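# Chain and residue survey
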Amino acid sequence: MSLWREILESQMGPSPADLTTDEAVAIYSDSPLYDLMFVASERRKALVPGNNVTYLVDRNINYTNVCTINCQFCSFYRSPGHIESYTQSVDQISSKIAELEEIGGSRILMQGGVNPDLPFSWYISLIEELSTRHPEIALDCFSPIEIEGIAEISGISTFEVLSRLKDAGMHGLPGGGAEMLVDQVRMGVSPKKGSSENWLRVMFEAQKLGLTTSATNVFGFGESITHRIEHLEKIRALQYTSNSRGLVGFTSFISWPVMLENNTLGKMNRGTNLIELGAGSIEYLRHVAVSRIFLSNIPHIQASWPTMGLPVAQIALSAGADDIGSTMMEENVVSASGSTRTEATIGELTKTIIEAGYDPLKRDSDYNILAHQPEIIALNS
Ligand code: SF4
């Protein structure tokens, strides 16, 4: 029997042993897609029983595009003082949240750049004001690199920054900026972003404070499959550490290939074609399936429709994903690098789920089920 088949069969029992990194590399490299997706679907059924696929009604808000980190794959940021740079006011952000409330949304995902001109007091006032004006909306804000930037400007620790933001009303720290948690890859594309250790440390601090966290993974920087598994291994290890302390840890994992339009990385690639960057649909589906099988301690795997499109996200639901993601309403970071969609209606998401053979369920940021809303299809599609 071939090695990949032996490994996949070992994952079919009720509680299989965790894949080793070598085993994960073997199935990622050699398994036929169909077999990989089948086993990932079985693991999904074991971890998230039932035929439901969840979705979230939320809004992305990018409060500032000023950033000094200069990641090569980023088309969103502008340097301080650039004519196109902006920072939104509390009122501007609040009016966007009011629009989300009108469609029954439950959370905002608010991220920006590392803006050296914003003092810590600005962030605290923003979160306090938003949580007062919009008490029903979960404020999932910033990313580890923004937290590090705030800590540096204010001269306090990242833990203290997180703690005070939580006290001000912040609900969660989204897992943006993980990209590849392999320093050899990371330092090549984002040398100023800091080590993978930093990202993991800040996320662990957030988890210790009870903030809702998620894990992300951007791939396709020319890294090896072993590097990709190394990223997954670090996420799984932190999850074990957090869970062993009675913490929730990461609620979910979402991955997508790097986008290559309008950024330094894409231009370099087009100029030389020395390294193959990005990833197509088949590679993406393999990545989702291996993630589901490898990340045995993370309950929810999200499909990424903004980067892959709704049809591929739909197939990912049969490759181990149990969540289609969120409405977003606007998206400025990934879309600046070439994704074509920046929002999906509730009707589009639920229709996508139903057409794939699953039952849509509306959830909140913590994966609590909010309502079963099939009637939304008629209203929005
Ligand atoms: S990805 Fe984030 S940290 Fe990197 S340049 Fe863009 S905004 Fe800045």
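Residues numbered from 1 in each chain as written. Predicted model: local features only at pLDDT ≥ 70, side-chain atom pairs only at ≥ 80, totals over all residues. Heavy atoms only, no water.

## A short note on the nonpolar core
Definition in use: By convention a nonpolar core is built from buried Ala, Val, Leu, Ile, Met, Phe, Trp, Tyr and Cys residues, the set being connected through side-chain atoms within 4.5 Å. When accessible area is computed with a 1.4 Å probe and restricted to protein chains, residues below 20% of their type maximum are described as buried, those above 50% as exposed, and intermediate ones as partly exposed. For the purposes of this entry, the term helix denotes a DSSP run of H or I that reaches at least four residues, the term strand denotes a run of E that reaches at least two, and both are numbered from the N terminus.
Residues M110, F142 and L165 are the most contacted members of the largest nonpolar core, which totals 108 residues. No other element matches the seven residues that helix 12 (residues 281-294) contributes to this core.

## With respect to the packing of aromatic side chains
Within a pair of aromatic rings, the relevant descriptors are the distance that separates the centres and the angle that separates the planes. Condition: Any two rings among Phe, Tyr and Trp, with Trp reduced to its six-membered ring, count as a pair given centres within 6.5 Å; such a pair is stacked if its planes are under 30 degrees apart, edge-to-face if over 60, and tilted if neither. Only Lys NZ and Arg CZ are tested; either one counts as a charge over a ring when it is within 6 Å of the ring centre and within 35 degrees of the ring normal.
Enumeration over the complete set of coordinates arrives at seven aromatic pairs. Centroid distance W122 to Y123: 5.2 Å. Interplanar angle 85°. Geometry classified as edge-to-face. By way of ring pairs, the aromatic residues Y63, W122, Y123 and F142 are connected into one cluster. The ring of F294 is capped by R236, whose NZ or CZ atom sits 3.7 Å from the centre of that ring. A cation over a ring is seen here: R363 above Y367, with NZ or CZ 3.8 Å from the ring centre.

## Observations regarding the side chain of N65
Going by this rule: Polar contact is the term for a pair of N or O atoms within 3.5 Å; when the atoms are in protein, one must be able to donate a hydrogen and the other to accept it, and sequence-neighboring residues count only if both atoms are side-chain atoms. Contact criterion: two residues are considered in contact whenever any of their non-hydrogen atoms come within 4.5 Å of each other.
Within the secondary structure, N65 is located in the loop between strand 2 (58-61) and helix 4 (90-102). A polar atom in the side chain of N65 sits 3.1 Å from the backbone oxygen of E84. With residues up to four places along the chain from it excluded, the contact list for N65 reads F76, Y77, R78, E84, S85 and Y86.

## Looking at the confidence of the model for the protein
Definition in use: pLDDT: the predictor's confidence for each residue, scored from 0 to 100.
Across the protein, the average pLDDT comes to 92, with 90% of residues at 70 or higher. Considering only residues more than four positions removed or in separate chains, one finds that residues 374-381, a stretch of pLDDT under 50, has 11 contacts.

## A look at unusual backbone geometry
A positive phi angle, close to 65°, is found at M328, a residue other than glycine. Relative to the assigned elements, M328 resides in the loop between strand 9 (323-326) and helix 15 (346-355). Classification of M328 as buried rests on a relative accessible area of 12%. A positive phi is found at Y367, a non-glycine position, where the angle reads about 65°. By the element assignment, Y367 lies in the loop between strand 10 (359-363) and strand 11 (369-371).

## Concerning the pairing of strand 1 (residues 52-56)
Note the following rule: DSSP bridges decide pairing: two strands pair if at least two such bridges lie between them.
A large share of strand 1 lies buried, amounting to four of its five residues. Where strand 1 lies against strand 10, five bridges are found, and the strand directions are parallel. Bridge pairing in strand 10 places T54 opposite L361. Bridge count for strand 1 against strand 9 is two bridges, and the pairing is parallel. Residue L56 lies in a different strand from strand 9, and its bridge partner there is S326.

## With respect to the state of the cysteines
The criterion, for reference: By disulfide we mean two sulfur atoms from cysteines, separated by a distance within 2.5 Å.
Inspection of every chain in the model, using the stated rule, returns zero disulfides. Just so you know, C141 is unpaired, no disulfide at all, and the nearest cysteine sulfur is the one on C67, 17 Å from it.

## A word on the packing of helix 4 against helix 5 (residues 120-133)
Note the cut-off: To get an axis, fit a line to the C-alpha atoms, keeping to the stretch in contact for a helix; angles then go from 0 to 180 degrees between the N-to-C directions. Two helices that cross are described as forming a left-handed crossing if the nearer one is turned anticlockwise from the farther one by less than a right angle, and a right-handed crossing if clockwise. Charged residues are taken to be Asp, Glu, Lys and Arg, nonpolar residues to be Ala, Val, Leu, Ile, Met, Phe, Trp, Tyr, Cys and Pro, and polar residues to be all remaining types, Gly included.
Two numbers describe how helix 4 lies on helix 5: the axes approach to 11 Å, and their chain directions differ by 35°. When you trace helix 4 past helix 5, the crossing you get is right-handed. From helix 4, V90, D91, I93, S94 and I97 reach across to helix 5, where they touch L126, E129, L130 and R133. Of the residues belonging to the contact of helix 4 with helix 5, the class tally is five nonpolar, one polar and three charged.

## Here's the deal with the packing of helix 5 against helix 7 (residues 158-168)
Operational definition: Angle categories are assigned with fixed cut-offs, so that under 35 degrees is roughly parallel, over 145 is roughly antiparallel, 65 to 115 is roughly perpendicular, and the rest are oblique.
In the contact formed by helix 5 and helix 7, the axes pass within 8 Å of each other and the chain directions differ by 30°. Classified by the interaxial angle, the pair formed by helix 5 and helix 7 is roughly parallel. Residues F120, Y123, I124, I127, E128 and S131 of helix 5 pack against V161, R164, L165 and A168 of helix 7.

## A look at the pairing of strand 2
Quick reminder of the rule: Classification remark: right-handed applies to a crossover when, strands pointing away from the viewer, the course from the first strand over the helix to the second runs clockwise.
Of the two faces of strand 2, the one lined by D58 and N60 and the one lined by R59 and I61 are each fully buried. Pairing geometry for strand 2 and strand 3 (residues 107-110), over four bridges, is parallel. If you follow D58 over to strand 3, its bridge partner there is R107. The handedness of the strand 2 to strand 3 crossover, carried by helix 4, is right-handed.

## A few points about helix 12
We apply this condition: Multiplying 1.5 Å by the helix residue count minus one yields the expected span of that helix.
Helix length check: helix 12, at 14 residues, gives a terminal C-alpha distance of 20 Å against a target of 20 Å (1.5 Å per residue), a fit within 8%. For helix 12, the buried fraction is high: 11 of the 14 residues fall into the buried class. Among the residues of helix 12, those classed as buried are Y284, L285, R286, H287, V288, A289, V290, S291, R292, I293 and F294.

## Notes on the pattern of salt bridges
What counts here: Any Lys or Arg side-chain nitrogen located within 4 Å of an Asp or Glu carboxyl oxygen qualifies as a salt bridge.
One pass over the structure, following the stated rule, counts 16 salt bridges. Put simply, D18 and R236 hold a salt bridge, and the shortest N to O gap is 4.0 Å. Placement of the pair is D18 in the loop between helix 1 (3-10) and helix 2 (21-30) and R236 in helix 10 (residues 225-244), with a sequence separation of 218 residues. A single network of salt bridges, built from pairs that share partners, joins D18, E233 and R236.

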